[in-house]
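Structural overview for review
This is what each chain is made of:
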Amino acid sequence: MNAIAYGWLDSHTILYSSGKKGHQMQEIISWNMKTNKKSVFFRNEASISDVKISPSKSFVLVRLSSSKKKAVIEILNHTGKSVYSAAIPSTELTYEWNPYSDGVLFISGFNENWTYSSYVADVTRKKMDKVHFPQPFAQWCSKDDLLYLDWDKQNPGQTAPLMKRNLTSGKTETVMLDTGYFKKWGKGLMSIAASSESPDKADYIFYNNKGKALSSMSMPLLKTFSDWVIPKMDVIEKTTELITFRPERGGDGSGAGNHFSLVSFNWKTGKEEELLKHKDNEPLSCSPNGQWCLYGTQLENIVNMKTNKSYKLFSRKRG
């Protein structure tokens, strides 16, 4: 079976597509791992190119394959019913759900020359407004505020100031300097910066919503000529854990021979635990209750977070 998993609809239910090799995916299946019940969640005549589940699990964005100059998104509710759809002029599309305002999305559509337009879509109000935003990639930090890295477009470097901008007033302020990457979730923020002690290490610093530093961890830093290689990661808010891939070494990140260990870091206790060894840096998606994590290029593997044992997702044996 040629299957692609998309993530968790709840702590026991996975959304995935499957089809014969080479066939386009045109339906999404919901699979409750606890009861083993499967049902068709969504079906469309167009092929499915991406799926992104909202933080609350109330909405599911489905991107449908369309023309080279237009992207079509379909927003479904928790039961798979379509509640909103839109066509956006673009060759590429990025989107970010707002965890502080259910059903709100920040979207950027890119043209062939990498110019972009940004939008805010409100699914519940069935409206989408074009907004002027200084960068195409952003993450919500409140109902009306977005965080973004203010990259220098003429002379891009490996770090940039982390900025906060209010969509209503346009007020912009600097949150911190020299940031290589950041991740925001409901009650916290993590930033990645180069270590002052070693050029081949990165400091991961965790903050609460008031900007107070809670804990930090150090990781080997992989670099290419112009950028950092940021390991894939996911956050489990319920267990206050960052799940990510730790490089075995720092330095050149352009080679294919880099190996990683899957680790968990609890930003509340400061405890780090190695889960799996000798893995590739691949996408991650963890269940809300923290008991399972999917990983792999198509999220085709699953690890039991209690036993640290991994399995093929669609094999019969899972412990």
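Concerning the state of the cysteines
- Per the counting criterion, the structure on display carries one disulfide.
- Disulfide partner of C286: C293, at an S-S distance of 2.1 Å. Because the sign of the S-S torsion sets the handedness, a value of about 105° for the bond joining C286 and C293 places this disulfide among the right-handed ones.
- Residue C286 is classed as buried on the basis of its relative accessible area, which comes to 8%.
- Its relative accessible area of 0% is what places C293 among the buried residues.

A closer look at the pairing of strand 19 (residues 201–208)
- As defined by bridge partners, strand 18 (residues 188–194) adjoins strand 19 across seven bridges and the pair is classed as antiparallel. Paired with L189 across the bridge in strand 19 is Y207.
- Counted between consecutive antiparallel strands, the loop separating strand 18 from strand 19 contains six residues.
- Pairing analysis gives seven bridges linking strand 19 to strand 20 (residues 213–220), with the strands arranged antiparallel. Within strand 20, the residue paired with D203 across the bridge is S218.
- The loop that links strand 19 with its antiparallel partner strand 20 comprises four residues; one of these, G211, has a positive phi angle of about 85°.

Considering the sheet that holds strand 22 (residues 228–229)
- Overall, mixed pairing links the three strands, which are arranged 22-21-25 in an open sheet. Each having just a single partner strand, strand 22 and strand 25 (251–252) make up the two edges of the open sheet.
- By the bridge criterion, two bridges tie strand 21 (residues 222–223) to strand 25 in an arrangement that is parallel. The partner of L222 across the bridge, within strand 25, is G251.

Some remarks on the environment of N77
- Along the chain, N77 falls in strand 7 (residues 70–77).
- A sequence separation of 194 residues divides N77 from K271, and the C-alpha atoms of the two residues are 37 Å apart.
- Setting aside residues no more than four positions away along its own chain, N77 makes contact with F41, S58, F59 and V83.
- A polar contact is formed between the side chain of N77 and the side chain of T79, at a distance of 2.8 Å.

Regarding the pattern of salt bridges
- In this structure the tally under the stated criterion is six salt bridges.
- Here E27 and R43 are joined by a salt bridge, their closest N and O atoms 2.9 Å apart. Here E27 is found in strand 3 (residues 27–32), whereas its partner R43 is found in strand 4 (residues 37–43), with 16 residues between them in sequence.
- On the basis of relative accessibility, which here comes to 23%, the residue E27 falls in the partly exposed class.
- Note that K52 and E96 form a salt bridge whose closest N and O atoms lie 3.6 Å from each other.

Some thoughts on the packing of aromatic side chains
- In this structure the tally under the stated criterion is 13 aromatic pairs.
- Between F206 and W267 the ring centres are 5.9 Å apart and the planes differ by 15°, which places this aromatic pair in the stacked class. In this pair, F206 is assigned in strand 19 and W267 in the loop between strand 26 (260–266) and strand 27 (272–279), connecting sequence segments 61 residues apart. In terms of burial, F206 and W267 fall into one category: buried.

Side note on the side chain of S191
- Tracing the backbone shows S191 in strand 18.
- Discounting residues that sit within four places of it in the chain, S191 has contacts with M176, T179, Y181, F182, D203, Y204, I205 and Y207.

Here we look at the sheet that holds strand 10 (residues 104–110)
- Spatially, the four strands line up as an open sheet ordered 9-10-11-12, and their pairing is antiparallel. Edge positions in the sheet fall to strand 9 (92–97) and strand 12 (127–131), since each of these pairs with one other strand and no more. Across the sheet, the mean angle separating the axes of adjacent strands is 25° when strand polarity is ignored.
- The pairing of strand 9 with strand 10 spans six bridges and is antiparallel. When the bridges of strand 10 are listed, W97 appears paired with L105.

Reading the values: rules and limits
- Residues numbered from 1 in each chain as written.
- Predicted model: local features only at pLDDT ≥ 70, side-chain atom pairs only at ≥ 80, totals over all residues.
- Heavy atoms only, no water.
- Disulfide = S-S within 2.5 Å.
- Buried < 20%, exposed > 50% of the residue type's maximum accessible area, 1.4 Å probe, protein only.
- Pairing = 2+ DSSP bridges.
- Helix = DSSP H or I, 4+ residues; strand = E, 2+ residues; numbered from the N terminus.
- Contact = heavy atoms within 4.5 Å.
- Polar contact = N/O pair within 3.5 Å; in protein donor to acceptor, adjacent residues only side chain to side chain.
- Salt bridge = Lys/Arg side-chain N within 4 Å of Asp/Glu carboxyl O.
- Phe/Tyr/Trp six-rings, centres within 6.5 Å; stacked < 30°, edge-to-face > 60°.
- Axes fitted to C-alpha atoms, helices over the stretch in contact; angles between N-to-C directions.

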